Amino acid sequence: MSKQDQHPVKSSSKQELDAFLEKVAQAPAVLNTGAEGRLLFALDATASRQYTWDQACHLQSEMFIEAGKIGGLQVQLCYYQGYGNFEHTGWYNNPRALLNRMNGVNCMAGHTQIARVLNHALLETRRRKIQAVIFIGDCMEEPVDRLCRLAGELGLLGTPVFVFQEGNELVAKRAFKEIARLSGGAYCSFNSGSVKILKDLLAAVAVYVAGGPKALEDFSHNRSGEVLQLTHQLRNG
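Residues numbered from 1 in each chain as written. Predicted model: local features only at pLDDT ≥ 70, side-chain atom pairs only at ≥ 80, totals over all residues. Heavy atoms only, no water.

Engineer: Lay out the overall build of the protein chain with the relevant residues and their values.
Structural biologist: Within the protein chain, the secondary structure is distributed over eight helices and six strands. Taken from N to C terminus, the helices and strands of the protein chain fall in the order α-β-α-β-β-α-α-β-α-β-α-β-α-α. Carbon and sulfur atoms provide 51% of the accessible area of the protein chain, an area that totals close to 10100 Å². (Helix = DSSP H or I, 4+ residues; strand = E, 2+ residues; numbered from the N terminus. Areas by Shrake-Rupley, 256 points an atom, 1.4 Å probe, with all protein chains shown as cover.)

What follows is the structure, encoded as structure tokens:
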């Protein structure tokens, strides 16, 4: 299904957010080894997502800042754009350096390459453990069976994928939910009206990757109800 066939965007429902947080609470436990946590930050950079890409530049800085307060975070940016163009960076522990790289990216028309994202995550986590993958996209234009197989392999390696869907396109929604489920991650949709919640949830995942449940509990003070609920579930999970 093409991007032109999208359904109208709806805000994330309370049920979707609750389901997302429940899945995060069930994700593989983060072991505090004293090393920086590793997070793969993967984005759809096709033409329809220019506005959200600009938002993501700000959000990744928030992730770094919050994670840095409790120990540290290494982030690798991974994205696809145009027709067959797939890029990934090295591992950054400096938010300014990664922001500069993101600011140099222009979204270009093309098809999704989610399988390449998942394949890349598999290669990276086999070299050295990745604690989580965050993927932000809006559509899916690939064979879903292949995506499910790759997601299942990530699940077996203990690398969950947290999928954030911009909008509510139904074909993508079904596929994204399966990717999250099979990898041991979680799914949530968002739009421009729920960016504050998205920011808090992205930062919460980053903090959890960097420092585990105790770090997330400390982070949750004065945060949104969604993050407080996540902390409660992790503490009692």
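There's plenty left to go through after this.
Engineer: Account for the pairing of strand E3 (residues 85–92), with residues named and values stated.
Structural biologist: Bridging between strand E2 (residues 73–81) and E3 involves six bridges; their strand directions are antiparallel. By the bridge assignment, Gln81 is partnered in E3 with Asn85. Between E2 and E3, which pair antiparallel one after the other, the connecting turn spans three residues, and Gly82 there sits at a positive phi close to 60°. (Pairing = 2+ DSSP bridges.)

Engineer: Could you give an account of the packing of helix H4 (residues 114–127) against helix H5 (residues 144–156), naming the residues involved and the relevant values?
Structural biologist: Where H4 meets H5, the closest approach of the two axes is 9 Å, and the angle between their N-to-C directions is 20°. With respect to H5, the axis of H4 lies roughly parallel. Handedness of the crossing formed by H4 with H5: left-handed. Where H4 approaches H5, its residues Ile114, Ala115, Leu118, Asn119, Ala121, Leu122, Thr125 and Arg126 are matched on the opposing element by Arg146, Leu147, Leu150, Ala151, Glu153 and Leu154. (Axes fitted to C-alpha atoms, helices over the stretch in contact; angles between N-to-C directions. Parallel < 35°, antiparallel > 145°, perpendicular 65-115°, else oblique. Left-handed = near helix turned anticlockwise from the far one by under 90°. Contact = heavy atoms within 4.5 Å.)

Engineer: Describe the packing of H5 against helix H6 (residues 170–183), naming the residues involved and giving the relevant values.
Structural biologist: Orientation of H5 relative to H6, taken along the N-to-C sense of each, is 25°, at an axis distance of 7 Å. Here H6 runs roughly parallel to H5, going by the angle between their axes. Note on packing geometry: the crossing formed by H5 with H6 is right-handed. On H6, the residues touching Val144, Leu147, Cys148, Ala151, Gly152, Leu154 and Gly155 of H5 are Ala175, Glu178, Ile179, Leu182 and Ser183. When its residues are assigned to classes, the contact of H5 with H6 shows eight nonpolar, three polar and one charged. (Nonpolar A, V, L, I, M, F, W, Y, C, P; charged D, E, K, R; others polar.)

Engineer: I'd like to hear about H4, residue by residue, with values.
Structural biologist: Under the 1.5 Å per step criterion, the end-to-end length of H4 is 20 Å for 14 residues, consistent within 8% with the ideal 20 Å. Within H4, burial applies to Ile114, Ala115, Val117, Leu118, His120, Ala121, Leu122, Glu124 and Thr125. (Expected span 1.5 Å × (residues − 1). Buried < 20%, exposed > 50% of the residue type's maximum accessible area, 1.4 Å probe, protein only.)

Engineer: Talk me through the packing of aromatic side chains; I want residue IDs and the actual numbers.
Structural biologist: Considering all chains together, one arrives at one aromatic pair under this definition. For the pair Phe135 and Phe176, a centre-to-centre distance of 5.7 Å together with 75° between the ring planes defines the contact as edge-to-face. Placement of Phe135 in strand E4 (residues 132–137) and of Phe176 in helix H6 is noted, with a sequence separation of 41 residues between them. Exposure remark for Phe135: the relative accessible area of 4% places this residue in the buried category. Geometry around Trp91 places Arg38 over its ring, the cationic atom sitting 4.0 Å from the centre. (Phe/Tyr/Trp six-rings, centres within 6.5 Å; stacked < 30°, edge-to-face > 60°. Lys NZ or Arg CZ within 6 Å of the ring centre and 35° of its normal.)

Engineer: Any chance you could break down the nonpolar core for me, citing the residues and the numbers?
Structural biologist: Counting residues in each nonpolar core, the largest one holds 35 residues, and the members touching the most others are Leu39, Phe41, Trp53, Met102, Ile134 and Phe164. Per element, the largest residue contribution to this core is seven residues, and it comes from helix H7 (residues 195–219). Look past the residues within four positions of Ile134 in its chain and what remains in contact with it is Leu39, Leu40, Phe41, Ala42, Met63, Phe162, Phe164, Leu202 and Val205. With 27 residues, the next largest nonpolar core counts Ala42, Ile114, Val133 and Met140 among its residues. (Core = buried A, V, L, I, M, F, W, Y, C linked by side-chain atoms within 4.5 Å.)

Engineer: Now, about the pattern of salt bridges: what can you tell me, with residues and values included?
Structural biologist: Within this structure, the stated rule accounts for five salt bridges. A salt bridge links Glu124 to Arg38, with the shortest nitrogen-to-oxygen separation between them at 3.8 Å. Remark: Arg38 occurs in strand E1 (residues 37–44) and Glu124 occurs in helix H4; sequence separation between them is 86 residues. Comparing Glu124 with Arg38 shows no difference in burial state: the two are buried. (Salt bridge = Lys/Arg side-chain N within 4 Å of Asp/Glu carboxyl O.)

Engineer: Help me get a handle on the side chain of Ser183, residues and values and all.
Structural biologist: Along the chain, Ser183 falls in helix H6. For Ser183, the side chain forms a polar contact with the main-chain nitrogen of Val161, separated by 3.0 Å. In terms of polar contacts, Ser183 uses its side chain to reach the backbone carbonyl oxygen of Ala180, at 3.2 Å. Apart from the residues within four sequence positions on either side, Ser183 is in contact with Ala151, Leu154, Gly155, Thr159, Pro160 and Val161. (Polar contact = N/O pair within 3.5 Å; in protein donor to acceptor, adjacent residues only side chain to side chain.)

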